[in-house]
Amino acid sequence: MTDVAAILKDIDKLKPIPQVTHRVMAIAGKTLSSASDLADIIEYDPALTANLLKVCNSAFFGLARKMDSIHQAVAYLGMDQVVDMVLMNLGSANLKRAQKGYDLREGELWKYSVLSALMARDIAQSKGIGDKHLVFTAALLKDIGKVVLSSHVRNYFDEIEKVIREQDITFRDAEKLIIGIDHAEVGSMAAEKWNLSGRMVDIIRNHHLGAGWDEDDMELAAVYVADTLCMIMGIGAGSDGLAYRFHPNVVEKLHFSETDLQMMMASFGERIQEVEDLLSNE
Amino acid sequence: MNIIVGVSDMKVSSDPDSVLISYSLGSCIGIAIYDPVAKVGGLLHFMLPESKLDEGKAQKNPFMFADTGIPALFEALCDMGAVKERMKVIVTGGAQVLDQKGFLNIGKRNQIAVKELLSKYKAEIDYEEVGGNVNRTIKLLIKNGEAWLKISGQEFREI
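All figures in this text were calculated on a predicted structure; none of them were measured in a lab.

Student: Honestly, the environment of L48 of chain A in this entry has me stumped. Any pointers?
Tutor: Locating L48 of chain A in the fold gives a position in helix α4 (residues 46–56). Here L48 of chain A falls in the buried class, since its relative accessible area comes to 4%.

Have a look at this one:
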């Protein structure tokens, strides 16, 4: 067993969430916010502004004309799209690096996080589930704990692999058993330290639906289904592979047929290249 | 030179310097085929078993599905001079999430689709490593047909 307290100290080594993100999330959550309020907030942050304009003008959006300002971008792309871009930007500093313990090459964790966030948001939208920005952000950040835990997983990989094989447990349970803490727990603690909402913290902690998850939490269900589909597609699957549990009751609660889910995989399969292009512009 | 075969993608080559590689197979299946005489090879990374799910998508990208991707792979290789009787066929991937018995077991269904299609082509599988809950990467060297397999978390090994 490792020194869990020392691992938790490593949370402080993560790059903190920029202040502007909290303000953007607050605006996104209010129904009466205006596009112009959103643009004003973003333009206070020159680095974010520059980055967003670069992404707006990338092949991902394929816009006929170049965007020169965030106000223009918000008017052209809509608030939701711009909020998504701000949120994507918040994870990138931490998620882009290679995570050797999980055998993920540079950019892989990031690509997976963005794809699963887009997918979770689509699920929330199509099923009319709660706050789609919350779902998007939670899906985007749910594996932030892997960044902290990666070196420990690397050190204990043989033992982790052995207990999974011998005891038929999930990778996350094996982390807990061998290291003393798992990536979902570490991720939720990072979210707490960043002052993200209690809902966000809960979804990150429970995204693999461990013991004690609330079966009626449809926002969590959306994040879980997106994560599972990505895993099946091999997106972001590293040394933990597909060693997580499948919960068909969640899929039933969301009224998804098997065909629906296959269709979603097919649609997102087509979008992988788009997301790769988008991320290469970040 | 590495030629990356993405999700729902296929590449064929006769360039002896090229290595076809497909990362992160998950429940998807990678089929590598090599003809040692013609020295041509191909690698398909398909995602789903049946194109009837969405024929429009299959038309746009036949490599997404087993029943459109596998014929495309054979056709592309034969066009480059490969002969079916000489082909060395490797099948890998098709993993599944724990407890994924019937519902949405794409890994298992992909495995079945491959068996059916290859038997239709009367092609024998020379090496197969499928299932489990691991993530796999495969590469094929065009110069000599060597194939290397990696389970995430482990090193590449020759198969």
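Student: Help me understand the side chain of T170 of chain A in this model?
Tutor: Mapped onto the fold, T170 of chain A is located in the loop between α10 (157–167) and α11 (171–179). A distance of 3.0 Å separates a polar side-chain atom of T170 of chain A from the backbone nitrogen of D173 of chain A. If we skip the residues at most four places from it in the chain, T170 of chain A touches I164, A243, Y244 and R245 of chain A together with L98 of chain B.

Student: Looking at this structure, how should I read the packing of aromatic side chains?
Tutor: For the structure on display, the rule yields four aromatic pairs over all chains. An aromatic cluster is present here, built from Y102, F157 and F171 of chain A joined pairwise through their rings. In this structure, R105 of chain A packs its charged tip against the face of Y23 of chain B, placed 3.5 Å from the ring centre. Over the aromatic face of F256 of chain A sits the side chain of K127 of chain A, whose NZ or CZ is 4.4 Å from the ring centroid.

Student: Would you take a moment to explain the layout of surface pockets for this structure?
Tutor: Taking a probe equal in size to a water molecule and rolling it over the atoms shows the remaining empty space. Within this model, the largest pocket holds a volume of roughly 550 Å³. Lining of the largest pocket is provided by 22 residues; of these, K111, I272 and E276 of chain A together with G6 and V7 of chain B occupy positions nearest its centre. Residue assignment for the lining of the largest pocket shows that the elements contributing at least two residues are α7 (108–126) and α16 (258–280) of chain A. A per-element tally of the lining of the largest pocket places α16 of chain A first, with five residues. There is about 440 Å³ of room inside the second largest pocket. For the second largest pocket, the lining is made up of 22 residues, of which D103 and L104 of chain A together with K150, G153 and Q154 of chain B are closest to its centre. Its residues assigned to classes, the lining of the second largest pocket comprises six nonpolar, nine polar and seven charged.

Student: It is not clear to me how the interface of chain A and chain B should be interpreted in this structure. Could you clarify?
Tutor: Often, the extent of an interface is quoted as the loss of accessible area on bringing the components together. Across the boundary between the two partners, chain A contributes 38 residues, which contact 33 residues of chain B. In total, chain A and chain B occlude about 2,900 Å² of area from one another, counting both sides; carbon and sulfur atoms represent 63% of this. Along the contact surface separating chain A from chain B lie five salt bridges. Here K60 of chain B makes a salt bridge to E270 of chain A, at a shortest N to O gap of 3.6 Å. The interface formed by chain A and chain B contains 11 residue pairs in polar contact (both at pLDDT 80 or more). Per element, the largest residue contribution to the side of chain A that touches chain B is 11 residues, and it comes from α16 of chain A.

Basis of the calculations
Residues numbered from 1 in each chain as written. Chains lettered and ligands numbered in written order. Predicted model: local features only at pLDDT ≥ 70, side-chain atom pairs only at ≥ 80, totals over all residues. Heavy atoms only, no water. Helix = DSSP H or I, 4+ residues; strand = E, 2+ residues; numbered from the N terminus. Buried < 20%, exposed > 50% of the residue type's maximum accessible area, 1.4 Å probe, protein only. Polar contact = N/O pair within 3.5 Å; in protein donor to acceptor, adjacent residues only side chain to side chain. Contact = heavy atoms within 4.5 Å. Phe/Tyr/Trp six-rings, centres within 6.5 Å; stacked < 30°, edge-to-face > 60°. Lys NZ or Arg CZ within 6 Å of the ring centre and 35° of its normal. 1 Å grid on protein atoms, 1.4 Å probe; cavity = no way out; pocket = protein on both sides within 12 Å on 5 of 7 lines; lining within 4 Å. Points joined across faces, edges and corners; volume = space filled by probe spheres on them. Nonpolar A, V, L, I, M, F, W, Y, C, P; charged D, E, K, R; others polar. Buried area = accessible area lost by both parts, 1.4 Å probe. Salt bridge = Lys/Arg side-chain N within 4 Å of Asp/Glu carboxyl O.

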